[in-house]
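Chain by chain, the residues run as shown.
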Amino acid sequence: MEIPAKSVSIHGDYFRPAISQSKENVVQNEGAEDEYDTYGDSEWEIDVASESTLDSAYSEFEKELATETQPSKEGINQPHRSTAGLNDVPMHKYPFKLKQNEEGNILTVHNTIKSVDKDLRIRIAAYCFNEMSNKLVVIDRRGNIYIFDFVCKRYWRLGFIVPEATLLRASPLVHNEYIVGTESGYVFIFNVEKASMVHTKVGDDAINEISFGNRLDSNTASNNLIRLGATAVLLNFTTLQLSHRLEFDHSRYTLKFASYLPKSDKFFTCFTNDAVHLWSSSNLGTVYISQPIKARDRTIRLMRGDTSKIPEIALRAEYDEEEDNLDDELAFKYDDQHFSDGKLLAYTFSPNGNKLLLSTVDGYLMMLNTASLDLEKLFKLRDFILKQFMLLAQPKNRILFAITATGMAVMLDLLQTEYKLIVQRSNALSLSVSRDGKLLSILSKSGEVNVWSTCRLYNSLHAQTKCISQVRAALKQPAVKLAGLVSGPMNQELRKLLKRERLEAMLAEYGFYPEKYRFIIWSVLLELPSNTAQFQELLKHGQPQVVKQRAAKIKLKSDAQRRGVIKVWSCLAHWCKVFGHTDFMPDLIYPFVKQMTKNSLVVFELLVTLLLNHLALCFEFHPMPPGNYLALCENVLQVHDKQLSKFYGAMDVQPKDYAWSLLTNGFAEVLDEQQWLVLWDNILTNPPYYIVFVIVAYNMMQREIIMRLPEKSEVVDFFHEQTPIDVTKWLNRARKLMSNCATEVHPERFMAPFKPIPKGVYPKFLKYPREWIEQQEQLSDELMKQQQEIDARLRKLELEEIQMKERLQEGLKQEEHARRIKEMEQLYQDTIQREEERIACHRKMLLTYQMEARQRKCQVLSKLQETEQRRKILEMEKDIDGLMRSVERERRRQNQEMLFAEDEIRNQEMELMAQRYSSCLLDSPLTVKYYEEVQKMRNESDKLKKQLREMAMEQVQSSTEQPSTPSKLKAIEYSIHEIQQELTDILNSESNSQ
């Protein structure tokens, strides 16, 4: 079968319905939800055969098979095994091709039967990928099961059916096993390779969900959860024995979702009142109860109407001019939805099981932690809602595939919510992702399943993201400024409304300021004047030389932040020279620049205010640590924690180690970002000396850890690394220390009250050793002059070096030219010599070839002579063989004559013996009379026999050897002559005796 390149068509010639029906019965018996009229559908390339070509014998077998595999009327949860007839049908596998396109749609599967008047499409009822992610299993509405193998690119239909399928899942325990849920409450488990099937009834309603626990190897534990409407059942997957039936059908609420947590023995349930319960499968006890909708509403209320912090996802851009079109495909009204079943619409788990995602009818997507069911992230869906979605394993908890309420399949990026990809614009019903996350299948209303490559989809999304970034960079669109830092009438009014008393009350109640208005509040608290003109004058001076030299050591991932740090540092150095020579100034500037990268004016004025008030005593002994300021910290610590103070004294830990190390970076090294913001909310709200108590309180909060450190180096390192701390308790303790501190050691005595920056001018900072700065500047000037002189000398030397190099290059060029000419002459001479040698070599080779030719001619002649000699030898051998045969015949004839002679001699001996016997009877006994003669006769007879044997042996040897024939014949004649002579003597002796 030739598969069309656009789609794989499961048609009537190869995949026939398991229950054979006539064409009329197909239309009558199948419901509207099982068939789809494809008449006039130009989207599909379908090559199908007529339904009249169905084999009648095969149809009869399918009728019997359908009868065999129909569920029997047994009791609930009584497993029934059926294997009869499953292997009788030969399994034919047919090839298919994957589509090669950039969109990512690699395969389209649909079951279409072509007839005369219209095409009849059998809709797909259930589908899934196997655990190895290399096969797609599809069941249509008639129960036919099809397997698509992506490795060998073959597809086939199984020889049995599963009717009324609603859900299909791959078995996590057995490789080739699948579990099917039906509309009538039956569970079928079939094995693709063994062609075996088990089914049992677990209820009367349609099966909606099937999930598995982590104890799959157990034969007794409940490791399978099935939801049937408002009922959930727990059973053992191996034995199919039902252990518990959970009825959740109450008047106030009913069961909506139920599923095992991935890789866990706990399962969760969700009800129509939007309550989420987490259960233990061992004792059926409730572990956690959560109300996600209430948690979401609480989070939104805390934002006080400011929902800008909630990431927003929209499928339609805000600038779309066709927003008001009546036929808008994204139009969806939440007010038309039925809320009696609650607001939660769908759910999914992350592949590792640590996150639970819930979508709501009013357009939100919530991410919960499965360990505690706490709300971690919240997303606003502006113009759509999700009815099904799944997360990819990689990138972790970022890429989401979803089906919207309007039937659109989309790919969303939860990290960069502005980027999305529409996979299928309409008619999408459900989706499934393979276990390895590389394949995506989408079921459409028209009855087909589209398989997509997630790698290609992700590459398309990445390319789209890159393209949008490049377009924005090309158009130079201004970046969105941080909320609260834009000057304008609205912020001026906010500044008037935000009184210090109100802000202090807000901080006392909540412990921190709202994130959206935090930097406006900081500006109000510090009374920043926004001296734009004076700041611009400082910027015009550029970078001081001392800052330019030290800025090369600043290493930051973000170039924008690095430029911001250098800009603010340069302005501070122009404002007061001592800050240009301060090594820790970039560490102090960076945390503020990180929060307000695009607002250098605010950062500069904030730092100027801090340096004039909070850190005014920190540069008295520059570049040494501020002894007076650190003494304030040490005095407060000695009063309120003598034990820790003694420990520091015993370990020789100075205030510069436990206090100055915190100040130089503004506590950024020991806190995370959110804690740092909360800390500075409190520092900027309280008096300037409050920071002293913050330092002491930090040491006291961490005293249990510090006093267990064995060495000074570890104590010093402790103040350069993050350690968990309760910021609220820390700040409360600092306030308590500030209020209870004795007047003698209170920093208020030594630090001036807060003074804001006046409008239109930046006051001078004078509390620093100006003589040392002047010395440093003089030394810098001298070093600069020396460096300039050195640079001038170096430039002169470089110029002389360049001239010398030019002269050398000219001389080298001439030398190189002469050398190359000599090389060419030598090359030509060598070439001529090689040619002469080659010609001489060829002559030698010609002579050698002539000699070889003569030798080969001689060899041929010698071969001819040898051949002639072999021919003559063969002829002589034939003559010798003929002669040998004639000699052999003559020898045989002589042997026969000898045998005749022997017989004749024996006869004569018998006659003689008879005569002697008769004569002995007359005179004396023959044994006495002829005893000697008889003995002699026996001896002669033995000799004769011996000679005969020797002759026989000689005859045998004569067949292999070629002895001289005349000598043997003479020997034979001589022996015969001797025998005859002996016989003659015997006869003469007998005659004489007579």
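Residues numbered from 1 in each chain as written. Predicted model: local features only at pLDDT ≥ 70, side-chain atom pairs only at ≥ 80, totals over all residues. Heavy atoms only, no water.

Remarks on the overall build of the protein
Scanning the protein for helices and strands turns up 24 helices and 34 strands. Contacts in the protein between residues at least 24 apart in sequence constitute 60% of all its contacts with a sequence separation of at least 6. (Helix = DSSP H or I, 4+ residues; strand = E, 2+ residues; numbered from the N terminus. Contact = heavy atoms within 4.5 Å.)

Re the sheet that holds strand E17 (residues 231-235)
Across the sheet, which stays open at both edges, the four strands sit in the order E15-E16-E17-E18 with antiparallel pairing between neighbours. Here the strands that pair on one side only, and so sit at the sheet edges, are strand E15 (209-212) and strand E18 (242-247). Going from strand to strand, the sheet's axes swing by 15° on average, the running direction of each strand aside. (Pairing = 2+ DSSP bridges. Axes fitted to C-alpha atoms, helices over the stretch in contact; angles between N-to-C directions.)

Re the sheet that holds strand E25 (residues 355-360)
Here we have five strands laid out as an open sheet, ordered E23-E27-E26-E25-E24, and mixed in their pairing. Whereas interior strands pair on both sides, the edge strands pair on one side only; in this sheet they are strand E23 (312-313) and strand E24 (344-349). Two elements, E24 and E25, share five bridges in a ladder whose sense is antiparallel. In the strand pairing of E25, threonine 348 is matched with leucine 357. With respect to the sheet, helix H3 (residues 292-302) is in contact with E24, E25, strand E26 (364-369) and strand E27 (375-381), its orientation differing from that of E26 by roughly 105°.

Looking at the nonpolar core
Leu572 and Phe667 are the most contacted members of the largest nonpolar core, which totals 105 residues. Here the element with the most residues in this core is helix H17 (residues 690-701); it accounts for 10 residues. A domain split of this core shows at least three residues from each of domain 3 (497-612) and domain 4 (620-757). Ignoring anything within four residues of it in the chain, the contact list for leucine 572 reads Phe579, Met585, Ile589, Phe604, Leu607, Val608 and Leu611. Counting residues in each nonpolar core, the second largest holds 20 residues, with Cys128, Trp156, Ala170 and Phe188 among its members. (Core = buried A, V, L, I, M, F, W, Y, C linked by side-chain atoms within 4.5 Å. Buried < 20%, exposed > 50% of the residue type's maximum accessible area, 1.4 Å probe, protein only. Domains from an automatic or database assignment.)

As for the pairing of strand E6 (residues 119-122)
Here E6 shows two buried faces, one formed by Asp119 and Arg121 and the other by Leu120 and Ile122. Relative to E6, strand E5 (residues 105-114) runs antiparallel, the two being bridged by four bridges. Residue lysine 114 lies in a different strand from E6, and its bridge partner there is aspartate 119.

Here we look at the packing of helix H6 (residues 500-510) against helix H16 (residues 673-685)
Relative orientation of the contacting elements H6 and H16 amounts to 140°, with a least axis distance of 11 Å. In terms of their interaxial angle, H6 and H16 are classed as oblique. Here H6 runs over H16; the crossing is left-handed. Between H6, through Arg500, Glu504 and Leu507, and H16, the contact on the second element is made entirely by Asp681, Asn682, Leu684 and Thr685. A class-by-class count of the residues in the contact of H6 with H16 yields two nonpolar, two polar and three charged. (Parallel < 35°, antiparallel > 145°, perpendicular 65-115°, else oblique. Left-handed = near helix turned anticlockwise from the far one by under 90°. Nonpolar A, V, L, I, M, F, W, Y, C, P; charged D, E, K, R; others polar.)

A look at the packing of helix H7 (residues 518-526) against H16
Packing of H7 against H16 leaves a shortest axis separation of 10 Å and a crossing angle of 25°. Classified by the interaxial angle, the pair formed by H7 and H16 is roughly parallel. Classified by chirality, the crossing of H16 by H7 is left-handed. Along the contact surface, H7 presents Arg518, Trp522, Leu525 and Leu526, while H16 presents Gln674, Trp676, Leu677, Trp680, Asp681, Leu684 and Thr685. Across the contact of H7 with H16, the residue classes tally to seven nonpolar, two polar and two charged.

Comments concerning a nonpolar patch on the surface
Judged by side-chain polarity, Ile790, Leu794 and Leu797 come together as a nonpolar surface patch covering roughly 270 Å² of accessible area. Summarising the element assignment, isoleucine 790 is placed in helix H21 (residues 770-922). Given the relative accessible area of 42%, isoleucine 790 is considered partly exposed. (Patch = residues over 30% accessible without salt bridge, like charges linked within 9 Å, V, L, I, M, F, W, Y side chains within 5 Å. Areas by Shrake-Rupley, 256 points an atom, 1.4 Å probe, with all protein chains shown as cover. Salt bridge = Lys/Arg side-chain N within 4 Å of Asp/Glu carboxyl O.)

What to know about the side chain of lysine 355
Following the sequence through the fold, lysine 355 ends up in strand E25. Judged by relative accessible area, which is 13%, lysine 355 ranks as buried. Apart from residues no more than four positions distant in its own chain, lysine 355 is found in contact with Thr348, Phe349, Ser350, Met367, Leu368, Thr370, Glu376 and Asn397.

Re the side chain of serine 290
Counting through the fold element by element, serine 290 comes out in strand E22 (residues 286-290). By relative accessible area, which is 10% here, serine 290 ends up buried. In this structure the side chain of serine 290 is engaged in a polar contact, spanning 3.2 Å, whose partner is the backbone oxygen of leucine 373. Once you skip the residues sitting within four places of it in the chain, serine 290 turns out to touch Asp274, Ala275, Val276, Leu368 and Leu373. (Polar contact = N/O pair within 3.5 Å; in protein donor to acceptor, adjacent residues only side chain to side chain.)

Quick notes on the packing of aromatic side chains
If you walk through the whole model with that rule in mind, you get 35 aromatic pairs. A ring pair is formed by phenylalanine 268 and phenylalanine 349, whose centres lie 5.5 Å apart and whose planes are at 85°; its orientation type is edge-to-face. With a gap of 81 residues between them, phenylalanine 268 in strand E20 (residues 266-271) and phenylalanine 349 in strand E24 connect regions that are remote in the sequence. On the basis of relative accessible area, phenylalanine 349 is assigned to the buried category, the value being 13%. Each residue in the set Trp575, Phe579, Phe584, Phe619, Trp660 and Phe765 is aromatic and connected to the rest through ring pairs, giving one cluster. When the ring centre of tryptophan 156 is taken as origin, the NZ or CZ atom of lysine 93, which lies over that ring, is 4.2 Å away. (Phe/Tyr/Trp six-rings, centres within 6.5 Å; stacked < 30°, edge-to-face > 60°. Lys NZ or Arg CZ within 6 Å of the ring centre and 35° of its normal.)

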